[in-house]
Amino acid sequence: MGRRVGKPGIGQDAINRLLIDAALSGKRAVRLKGGDPFVFGRGGEEVEALRDAGVAYSVIPGITAGLGAAAEFDVPLTFRGEALRITFLTAHKAKDAETVDWSALTDGKMTVVVYMGMTAAPAIRAGLLAAGRSPQTPVGVFARATRPDSQAVVGALENLPALVRQTSGGPAILVIGDVVAHSSAWREANLDSLLSNFLVAAE
């Protein structure tokens, strides 16, 4: 079963019920989740439902999407002397973004990793800029990370909503902070820009 933003899907209560019913009927139930089920993945809710129903379970952790995206695109979420802290947050909808205390996320030595933030990108940008984060802060939109069709779009915080629109769909992780300038996607984007300028000059 899958859940996609804006698409009809099965609710969490129904997922819990399927797991419990299968287990109580003597079957082995396997719940596959992308990433780490305990990082914005509702794994905690599913474990509690199983525990309350007296169902034995085991959790095999995956790699959370933020770390998967960082590894795939060479984004060092921490960097000595440059990025000393990481904050992971979720902003599923604009309403979620409005509840975030953005003033706590303006430290230039902090990397902010946003899960499910594509829809809320305008509110995320507005919140960080209003709180004082530099409009030129490097950001990356890393879509479908670790899958064959993964995609990276990088640029400045002030252009975050436009960067999201350049991807061909999610799910995506947003990484905000100077560390994005160390990524392979940033290097490729700058090389493309340099090559373009060189070709124009040659004409």
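Above this text you will find the structure in question.
Residues numbered from 1 in each chain as written. Predicted model: local features only at pLDDT ≥ 70, side-chain atom pairs only at ≥ 80, totals over all residues. Heavy atoms only, no water.

Asker: Pulling in residues and values, what's your account of the packing of helix α1 (residues 12–24) against helix α2 (residues 43–52)?
Answerer: Two numbers describe a pair of packed helices, the interaxial angle and the distance between the axes. Close contact between α1 and α2 brings their axes to 10 Å; oriented N to C, the two are set at 45 degrees. Comparing the axis directions of α1 and α2 gives the class oblique. Between α1 and α2 lies a crossing of right-handed hand. Where α1 abuts α2, its residues Q12, I15, N16, L19 and I20 lie against E45, E46, A49 and L50. Here the residues of the contact of α1 with α2 are counted per class, giving five nonpolar, two polar and two charged. (Axes fitted to C-alpha atoms, helices over the stretch in contact; angles between N-to-C directions. Helix = DSSP H or I, 4+ residues; strand = E, 2+ residues; numbered from the N terminus. Parallel < 35°, antiparallel > 145°, perpendicular 65-115°, else oblique. Left-handed = near helix turned anticlockwise from the far one by under 90°. Contact = heavy atoms within 4.5 Å. Nonpolar A, V, L, I, M, F, W, Y, C, P; charged D, E, K, R; others polar.)

Asker: Could you give an account of the sheet that holds strand β5 (residues 172–176), naming the residues involved and the relevant values?
Answerer: Strand order in the open sheet made by the five strands is β1-β2-β5-β3-β4, with mixed pairing throughout. Edge positions in the open sheet fall to β1 (85–90) and β4 (151–156), since each of these has one partner strand only. Across this sheet, the average inter-strand angle for adjacent strands is 15 degrees, counted without regard to direction. Here strand β3 (residues 138–143) pairs with β4 via six bridges, running antiparallel. (Pairing = 2+ DSSP bridges.)

Asker: Lay out helix α5 (residues 121–131) in plain terms, naming residues and giving numbers.
Answerer: For α5, the complete set of buried residues consists of A121, I124, G127 and L128. The buried side chains of α5 occupy one side of the element, clustering within an arc of 130 degrees when seen end-on. Backbone geometry just after α5 places G132 at a positive phi near 115 degrees. (Buried < 20%, exposed > 50% of the residue type's maximum accessible area, 1.4 Å probe, protein only. Arc of directions from axis to C-beta.)

Asker: Explain the packing of aromatic side chains to me, and be specific about the residues and the numbers.
Answerer: Tallying each qualifying case throughout the model produces three aromatic pairs. Geometrically, the ring pair formed by F88 and Y115 is tilted, given 6.3 Å between the ring centres and 55 degrees between the ring planes. Pair noted here: F88 is in strand β1 and Y115 is in strand β2 (residues 110–115), with a separation of 27 residues, a long-range link. (Phe/Tyr/Trp six-rings, centres within 6.5 Å; stacked < 30°, edge-to-face > 60°.)

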